[in-house]
Amino acid sequence: MTEPTNPFLEPSPLPYRLPLFALVRAEHYREAIEAGMAEQRSEVEAIAADPAPPTFDNTLVALERSGALLRRVLPVFENASSSDTNAAIDALEAEFAPRLSAHRDAIRLDPRLFARIDALHRARNGLGLEPDQAYLLERVHREAVLAGAALGADDRARLTALGERISTLTTAFQQHLLADTNDLALHLTDEEELAGLDAGARSAAREAAASRGLPGWLITLVLPTGQPALAVLERPDVRDRLLAASRARGCRGGAHDTRATLLELVCLRAERARLLGFPDHAAAVTAGETAGSPDAVAALLTELAAPTMRNVARDEAELVERATRSGARAPAASDWAYLAEQVRAERHDLDLRDIRPYLELDRVLVDGVFRAATLLYGLRFEQRPQLVAHHPDARVFEVFEEDGRPVGLYLFDPYTRDSKRGGAWMGSLVEQSELDGTLPVVVNNLNIPKPAEGEPTLLTFDETETLFHEFGHALHGLLARVRYPSQAGTNVYRDFVEFPSQVNELWMLRPEILDGYAVHHRTGERMPQHLVDRLIAARGFNAGFGTAEYLAAAVLDQTWHRLASEHEVADVAAFERDALAAAGLDHPLVPPRYSSTYFAHVFAGGYDAGYYSYIWSEVPGADAVEWFEEHGGATRENGERFRRMLLEPGGSVDPLEAYRAFRGRDAGVEPLLRSRGLLG
């Protein structure tokens, strides 16, 4: 095959149009993005200036077809900037973020284009549209109005300027946070400080230090406040240092301090909301989601706060008693996870470290995650080592239907590295679309510490749960079957997008799945039944803490984004304390899952005023889990119903209507309260 000048300029010749990663260089992004913006501007100009009366085909379908080059290059670039960045990519991202924002605004704020969309919307009942077409028109019109397309020229110009600056700031926040997170990794040189870490964790810490040319061990930081090692490190002083490092991100002063960035973001988002006719950014965001209003969000968070804090108080009393009995100090925030594990061990005779030898990464992936998808949906996975992914650590799997028909490609990139942002996520490199004739290519990125060469990757309980969760997003992308690319896969309301992933977590501890993957990595023995029983019995343990730290972060997000544009905040830490106190979620031993200065979801990740989405979509998620339990678990019949009614439609139907058809009623909140131990 002759190497093209730029691998993005033509559709990839690889199976499923997998990007030509082996040929991609940083300089290719600039050329392709520039050419892609110019191409789409020309295409949209032809639509907007078309003298023919607007029709669904010459306006909506033409818009769906536009930007093909950008759709090839941007997902690859965005994946590179988040999973394997470098100085060149960082510079390109900083340069293009505001330009791409302006490009998008030039399309959605074009008054000629909006006039055509508005005319179609007004005539929609007489157009004879099919259901997915009618829904597409409704969503496109609604999103255009919410974006400001109906405003005057001066306001549209200001919206464009605000969008450019906001994009610049979110990019800066992400880059500063990654740099500070790397810088604050806990470097240990005394082996006694590692007391409590098992062999696998020590190997990963030594490997992390070696990768930076450092002696000893390096405990790298994950995105949330609570670091996994806090649950096992025996020395209180080491736990204190680790939590302090986690909480210091973005607020130490210097080049990577994020406070000024987030404060400007809050102000600009509030101004943008005011221009759009909303009292605040949260109102502007929720108007385009299933929640509908920030008051509805506040009602759910408030309903959960009081019973959650009662659980926290009960659990705290147990931790204090345990610390006193063992002669330990009065519990600090850095001690909660460690003491909770001791209480778990006493109450359930379970130490989570005992299950790690049974959670080897490949076994969990193939015989757990993939096997659940086979039992439910009839999917088959085959690794394709000849296909090159975006990083040497990433692997490519081809996915087939039970009868051999192709489904798409799944890329799996499990390991943490300094060039990868924190957290875990799913992305779509190629969207499924009947219009484009494409099948999906999706990627899961995780941040599991990588052990030394030749040693097994043993997962924690939380890492295993994260893998099942993120694969739920991947299934949403792989199994959606829609006509138009903008409706593909996870292109649903943001406060519904977490629904399939939360349902997929169910299979982690179901016996028909657990028995297949919980195998000792050395002996091949299955996890003993008594250990399985204890693990299942302890599933809801410490749920009060987990719910409280999540609710605290969701409240911070909402409080920041319910500020009016004229409101000025001088002290970020004081603002946080006041917001949590007002919500009844201020607890010295339970810090929020994310403090503002490292809250990447809302200041860099597109979840601004939307972090509530996780608990909001957990309402139907928990309800659906109970449906599966009531109907026999991981059967093909159950999977087929779930797939056909909730995964395949992607963003081509109203998700609440789809769920109502699946369940026969709306989702109730009681299953969520039960699953989190908040009833009674």
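I will try to describe carefully the structure that is included in this document. Worth saying up front: this structure is predicted, and the values here are computed from it rather than measured.

### Some points on unusual backbone geometry
- Backbone geometry places Tyr16, a non-glycine residue, at a positive phi of 65°.
- You can see Tyr16 is positioned in the segment before α1 (26–48).
- Although it is not a glycine, Asn542 adopts a positive phi angle of roughly 65°.

### Concerning the packing of aromatic side chains
- Applying the stated criterion across every chain yields a total of 31 aromatic pairs.
- Ring geometry for Phe56 against Tyr484: centres 6.0 Å apart, planes inclined by 65°, an arrangement best described as edge-to-face. In this pair, Phe56 sits in helix α2 (residues 56–65) while Tyr484 sits in the loop between α15 (461–479) and α16 (499–504), placing the two residues 428 residues apart along the sequence.
- Judged by its relative accessible area of 9%, Phe56 is buried.
- According to the relative accessible area criterion, Tyr484 is buried, its value standing at 2%.
- Between Phe499 and Tyr659, the ring centres sit 5.7 Å apart and the planes meet at 85°, which makes this aromatic pair edge-to-face. Note that Phe499 is positioned in helix α16 and Tyr659 in helix α24 (residues 655–663), a separation of 160 residues in sequence.

### Here's the deal with helix α18 (residues 529–537)
- Among all positions of α18, only Leu531, Val532 and Leu535 are buried. Buried positions in α18, seen along its axis, are confined to an arc of 100° and lie on one side of it.
- Buried residues belonging to α18 abut α15 and α17 (511–517).

### Here's the deal with the state of the cysteines
- Applying the stated criterion across every chain, the model contains zero disulfides.
- Not part of a disulfide, Cys251 finds its nearest cysteine sulfur in Cys267, a span of 19 Å.
- For Cys267, a relative accessible area of 30% corresponds to the partly exposed category.

### What to know about the side chain of Arg395
- Looking at the element boundaries, Arg395 is found in strand β4 (residues 395–400).
- Beyond its immediate chain neighbours, meaning those up to four positions away, Arg395 contacts Leu361, Asp362, Leu365, Gln383, Tyr410, Leu411 and Phe412.

### Things to note about the packing of helix α7 (residues 153–183) against helix α10 (residues 259–275)
- Running from N to C, α7 and α10 point in directions that differ by 155°, and their axes come no closer than 10 Å. In terms of axis orientation, α7 runs roughly antiparallel to α10. Of the two possible hands of crossing, α7 and α10 adopt the one that is left-handed. Contacts from Asp155, Arg158, Leu159, Leu162, Arg165, Ile166, Leu169, Thr170 and Phe173 in α7 reach Thr261, Leu262, Glu264, Leu265, Leu268, Arg269, Glu271, Arg272 and Leu275 in α10.
- Considering only residue class, the contact of α7 with α10 consists of nine nonpolar, two polar and seven charged.

Scoring rules and cut-offs
Residues numbered from 1 in each chain as written. Predicted model: local features only at pLDDT ≥ 70, side-chain atom pairs only at ≥ 80, totals over all residues. Heavy atoms only, no water. Helix = DSSP H or I, 4+ residues; strand = E, 2+ residues; numbered from the N terminus. Phe/Tyr/Trp six-rings, centres within 6.5 Å; stacked < 30°, edge-to-face > 60°. Buried < 20%, exposed > 50% of the residue type's maximum accessible area, 1.4 Å probe, protein only. Arc of directions from axis to C-beta. Contact = heavy atoms within 4.5 Å. Disulfide = S-S within 2.5 Å. Axes fitted to C-alpha atoms, helices over the stretch in contact; angles between N-to-C directions. Parallel < 35°, antiparallel > 145°, perpendicular 65-115°, else oblique. Left-handed = near helix turned anticlockwise from the far one by under 90°. Nonpolar A, V, L, I, M, F, W, Y, C, P; charged D, E, K, R; others polar.

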